Every structure is written in structure tokens, then in C-alpha cells.
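Here are the chains, one letter per residue:
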Amino acid sequence: MRNPWWITAVGVIAFSAFFWAVGGAVDLGLEQHARGRYGLPREGQRYTYALFGGGVIALGSMLALAGRRVPGWQTALLPVTGLVVGAASVLILGQQSRHWLAAGAMTLAGLVIILIAARRRLADRPSGNERASR
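One numbering rule holds for all chains: residues counted from 1, following each sequence as written. For a predicted model such as this one, the threshold for reporting local features is a pLDDT of at least 70, and the threshold for listing and counting side-chain atom pairs is 80 or more; totals across whole chains, interfaces and linings nevertheless cover every residue. Side-chain numbers here rest on the full set of heavy atoms in the structure, without hydrogens or water.

**Student:** Got a minute to help me understand the overall build of the chain in this structure?
**Tutor:** The helix and strand inventory of the chain stands at five helices and two strands. Evaluated residue by residue, the chain yields a buried proportion of 31% over its 134 residues. Long-range contacts, defined here as pairs at least 24 residues apart, represent 63% of the contacts in the chain between residues at least 6 apart. Only the protein chains shown count as cover for residues, and all accessible areas are computed by the Shrake-Rupley method using a 1.4 Å probe. Surface accessibility of the chain: about 9,100 Å² in total, with carbon and sulfur atoms responsible for 63%. Put simply, DSSP marks the helices as runs of H or I at least four residues long and the strands as runs of E at least two long, and each gets a number from the N terminus on. Here the term buried applies to any residue with accessible area under 20% of the maximum for its type, exposed to any over 50%, and partly exposed to those in between, with areas from a 1.4 Å probe on protein chains only. Any two residues whose heavy atoms approach within 4.5 Å are treated as being in contact.

**Student:** Looking at this structure, I do not really get unusual backbone geometry. What am I missing?
**Tutor:** One can expect most non-glycine residues to show negative phi and most peptide bonds to be in trans. One non-glycine residue, Arg35, lies in positive phi territory at about 60°. Structurally, the position occupied by Arg35 is in the loop between β1 (31-32) and β2 (38-39). Under the relative-accessibility criterion, Arg35 is labelled exposed at 76%.

**Student:** Mind showing me how you'd approach the packing of helix α1 (residues 4-28) against helix α2 (residues 45-66) here?
**Tutor:** Where α1 meets α2, the axes come as close as 7 Å, and the angle between the chain directions of the two elements is 150°. As for how α1 packs across α2, the hand of that crossing is left-handed. Angles shown run from 0 to 180 degrees and are taken between the N-to-C directions of axes, each axis being a line fitted to C-alpha atoms and, for helices, limited to the stretch in contact. By the definition used in this description, the sense in which the near helix is turned from the far one sets the handedness, with an anticlockwise turn below a right angle giving left-handed and a clockwise turn giving right-handed.

**Student:** Help me out: how do you make sense of a nonpolar patch on the surface in this one?
**Tutor:** A contiguous nonpolar surface patch, about 330 Å² in accessible area, is contributed by Trp5, Trp73 and Leu77. In this fold, Trp5 is placed in helix α1. A patch consists of residues whose relative accessible area exceeds 30% and which take part in no salt bridge; residues with like charges are grouped when within 9 Å of each other, and nonpolar side chains (Val, Leu, Ile, Met, Phe, Trp, Tyr) when within 5 Å. A carboxyl oxygen of Asp or Glu within 4 Å of a side-chain nitrogen of Lys or Arg is what we treat as a salt bridge.

**Student:** Can you walk me through the packing of aromatic side chains in this structure?
**Tutor:** Two measures describe an aromatic ring pair: the distance that separates the ring centres and the angle between the ring planes. Here a Phe, Tyr or Trp ring, Trp counted by its six-membered ring, pairs with any other such ring whose centre lies within 6.5 Å, and the pair is stacked when the planes are under 30 degrees apart, edge-to-face when over 60, and tilted otherwise. Enumeration according to the criterion identifies three aromatic pairs in this entry. Ring geometry for Phe18 and Phe19: centres 5.0 Å apart, planes at 80°, overall edge-to-face. The class for Phe19 is buried, based on a relative accessible area of 14%. Between Trp20 and Tyr47, the ring centres sit 4.8 Å apart and the planes meet at 50°, which makes this aromatic pair tilted. Of this pair, Trp20 sits in helix α1 while Tyr47 sits in helix α2, placing them 27 residues apart in sequence. In this structure an aromatic cluster arises from ring pairing among Phe15, Phe18 and Phe19. A cation over a ring is seen here: Arg46 above Tyr47, with NZ or CZ 5.0 Å from the ring centre. Two thresholds decide whether a charge sits over a ring: the Lys NZ or Arg CZ must be within 6 Å of the ring centre and within 35 degrees of the ring normal.

All quantities given are derived from atomic positions and should not be read as evidence of function.
Take a look at the structure:
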């Protein structure tokens, strides 16, 4: 897979699955297992698979895009779309205060990523003097 658009598509799907699973984990909550450890309940197994599988694939696609010369907005697109899907899914799953808090945190993180990407894009532009000398 050498095309950056395919890497971006796979990354968007992986980040969406990861943050969908985070929304499901917020909805189910944690329960105490053997030896005092906490984890998702038994019915949350699909969320566990999506957390680990989506996280690994998302990280791989992010690293693959970071190693190429692709625009920064394309790399920032991956977690932002995943955060939007996660915020929507957590609010679809429930309307309690923990759901709203998780959706707000995901939305805030997405906005911060967008602002950082926009700021870097402006910083990467050559100034008027640099453009004239080229």
C-alpha cells in the first residue's frame, strides 16, 4: 500500500473503530475481575478487540503517513475523524453525564488537533520575502 490516500482511508477507519470502542467502554463501564483488576465486562469483548486492533492499525497508518511527505492536514485528518465518530457514538449509546463528558473531551481533543495542524500549516508557508527570492 504505497498510495497515501489508501493509508489515510485505512487510518480513518481504524481511528473510527478505536474511538467507537472508547465510546462503548464509557457506556459499559468497568467491572472488577479476579485479583482486584478492573476491565470491561464480558459483553464488551467486541470493544476490546476494536480498542486493540484499531489502535495498532491506527498507529501504523499514522507512522506510515509521518514517514512520507504528505500534507500535515492529511495526517491530522486521521484522529480528528475518529474523534468525531467516537463523540457521536458515545452520545448515541447514552445521555448520562459520563457520556457527555467523554463526548466533550473527544470534541475538545479534535479541535486542538485541528488548531495545531492549521498553525503548523501557516508556519510552514514561506514568507513574502522568501517567495520573492525564489
